[in-house]
Amino acid sequence: MTAHDRSLASLASLDFRALHRGPRPLLLPNAWDHASGAALAAEGFPAVGTTSLGVAAAAGKPDAHGATRTETLALARGLARLPVAVSADIESGFGGGPDDIAALAADLNAAGVAGINIEDGRADGTLADIAAHARVIAAIKAAAPDLFVNARTDAYWLGGGADPLTETLRRSEAYAAAGADGVFVPSLPDDAAIAAVVARIEVPLNVLFAPDRHTYARLADLGVARISCGSLLFRAALHATVAAARAITAEFPEAVEEIAAGIPSYAAAAALADAFA
């Protein structure tokens, strides 16, 4: 990698960091392949993340089991060629110790990836030891100081018998102290829990958008800095795929017309590949 390339990678990371400190939350849509990433970039979103579920399901592999290292890295490196900041979901690091995960993160940053998402949930349904996960975060920051490390805690999903808010705050503080640039807490249950984390944690809070629970405006009012779509867009695409196929056999022509409205043309879809040329 040339000095010029390293400079561009550093600039991408700085721009991504600034998006977390703006007047409104950063909405981070998540792509599962190159076409979805290119489409989101073309729509004007300043940053795009990857979704581990979408990448895994599209590859026919299980999510959160460290099985999609190859697919995730190929997608992240490809998306980094787009004119957007890219954040890669690397699950819990795809195995290995702190030095191995730090080397992976540094390679992604050198390829132009601006941020990563790393979680403390494990495939066996447990949470990582706090001190051990903090060492991973510290190693990543030592290897790639410019990389935006979004430390995800699954205390609400996998916390077991512990009070999830107390555990979330404990883990969030430890990860921030280790150098995390942001904290991601999926499944915060209500406004009170979101406000408690915002008030306690000095780094930006990332929330996973839930259509039945959240609005962008309300999350902004609560002080959330980043709103991730997670697998929502991938699942919406699956729904639209099945709905379009079923509409063809519907008795009502307007059903097909409704589905067809706004669908990109063949040429428009094919042109998405040009973004990676």
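As the structure is a prediction and not an experimental result, all values here were calculated from the model.

**Student:** I would appreciate a short explanation of the sheet that holds strand β2 (residues 30-31) in the present structure.
**Tutor:** To summarise the sheet geometry, strands pair through backbone hydrogen bonds and adopt either a parallel or an antiparallel arrangement. If you trace the 9 strands from one edge of the open sheet to the other, you get β1-β9-β8-β7-β6-β5-β4-β3-β2, paired in parallel fashion. Whereas interior strands pair on both sides, the edge strands pair on one side only; in this sheet they are β1 (26-28) and β2. As paired strands, strand β8 (residues 205-208) and strand β9 (residues 226-228) are joined by 3 bridges and run parallel to one another. Following the sheet pairing, Leu 208 is matched in β9 by Ser 228.

**Student:** Explanation requested: helix α6 (residues 130-143) in the structure shown.
**Tutor:** In an α-helix, one turn spans 3.6 residues; hence positions three or four apart end up facing the same way. With 14 residues, α6 ought to run about 20 Å at 1.5 Å a step, and its terminal C-alpha atoms sit 20 Å apart, in line with that. Its side-chain oxygen 3.2 Å from the backbone nitrogen of Ala 131, Asp 129 forms the N-cap of α6.

**Student:** Help me understand the nonpolar core in this model?
**Tutor:** General note: in soluble globular proteins, nonpolar side chains tend to be found buried as a group. Ile 90, Leu 108, Ile 116, Ile 118 and Ile 140 are the most contacted members of the largest nonpolar core, which has 25 residues in total. Among the elements of the structure, α4 (69-79), α5 (98-110), β5 (115-119), α6 and β6 (148-152) are those that each provide at least two residues to this core. If sequence neighbours within four positions are ignored, Ile 90 has contacts with Ile 101, Leu 104, Leu 108, Ile 116, Asn 117 and Ile 118. Counting 15 residues, the second largest nonpolar core, distinct from the first, contains Leu 169, Leu 205, Val 224 and Ile 227.

**Student:** It is not clear to me how the pairing of strand β4 (residues 85-89) should be interpreted in this structure. Could you clarify?
**Tutor:** The side chains of a regular strand alternate, residue by residue, between the two faces of the sheet. The buried fraction of β4 amounts to 5 of the 5 residues, a majority that puts the element mostly inside the structure. Taken together, the 3 bridges between strand β3 (residues 47-50) and β4 define a ladder with parallel strand orientation. Considered in β4, the bridge of Val 48 is made with Val 86. Pairing of β4 with β5, which is carried by 3 bridges, proceeds in the parallel orientation. For Ala 88, the partnering residue across the bridge sits in β5 and is Ile 116. Read from β4 through α5 to β5, the crossover connection turns out right-handed.

**Student:** Can you walk me through the pattern of salt bridges in this structure?
**Tutor:** When their charged atoms lie close together, side chains carrying opposite charge are able to pair. Taken as a whole and assessed by the stated rule, the structure comprises 10 salt bridges. For Asp 181, the salt bridge is made with Arg 17, and the minimal N-O distance between the two is 2.6 Å. Highlighted residues: Asp 181 in the loop between α8 (164-177) and β7 (182-184) and Arg 17 in helix α1 (residues 3-19), separated in sequence by 164 residues. Linking Lys 141 and Asp 181 is a salt bridge whose minimum nitrogen-to-oxygen distance equals 2.8 Å. Placement of Lys 141 in helix α6 and of Asp 181 in the loop between α8 and β7 is noted, with a sequence separation of 40 residues between them. Take Lys 141 and Asp 181: they sit in the same class, and that class is buried. Look at the salt bridges and you will find they share partners, linking Asp 120, Glu 167, Arg 170 and Arg 171 into a network.

**Student:** Would you mind going over the layout of surface pockets with me for this structure?
**Tutor:** Over the atoms rolls a probe the size of a water molecule, and its path tells where empty space is left. The volume enclosed by the largest pocket comes to roughly 620 Å³. Looking at the largest pocket, it is lined by 22 residues, and the ones nearest its centre are Trp 32, Ala 237, Ala 240, Ile 263 and Pro 264. Elements with a contribution of two residues or more to the lining of the largest pocket: α2 (34-42), α11 (232-248) and α13 (266-271). Ranked by residue count, the leading element in the lining of the largest pocket is α11, at 8 residues. Of the residues assigned to the lining of the largest pocket, the class counts are 17 nonpolar, 4 polar and 1 charged. In this structure, the second largest pocket occupies an estimated 460 Å³ of space. What lines the second largest pocket is a set of 34 residues, among which Arg 152, Trp 157, Leu 208, Gly 230 and Ser 231 lie closest to the centre. For the lining of the second largest pocket, the leading source of residues is β4, giving 3 residues.

Rules and cut-offs
- Residues numbered from 1 in each chain as written.
- Predicted model: local features only at pLDDT ≥ 70, side-chain atom pairs only at ≥ 80, totals over all residues.
- Heavy atoms only, no water.
- Pairing = 2+ DSSP bridges.
- Helix = DSSP H or I, 4+ residues; strand = E, 2+ residues; numbered from the N terminus.
- Expected span 1.5 Å × (residues − 1).
- Polar contact = N/O pair within 3.5 Å; in protein donor to acceptor, adjacent residues only side chain to side chain.
- Core = buried A, V, L, I, M, F, W, Y, C linked by side-chain atoms within 4.5 Å.
- Buried < 20%, exposed > 50% of the residue type's maximum accessible area, 1.4 Å probe, protein only.
- Contact = heavy atoms within 4.5 Å.
- Right-handed = clockwise from strand over helix to strand, strands pointing away.
- Salt bridge = Lys/Arg side-chain N within 4 Å of Asp/Glu carboxyl O.
- 1 Å grid on protein atoms, 1.4 Å probe; cavity = no way out; pocket = protein on both sides within 12 Å on 5 of 7 lines; lining within 4 Å.
- Points joined across faces, edges and corners; volume = space filled by probe spheres on them.
- Nonpolar A, V, L, I, M, F, W, Y, C, P; charged D, E, K, R; others polar.

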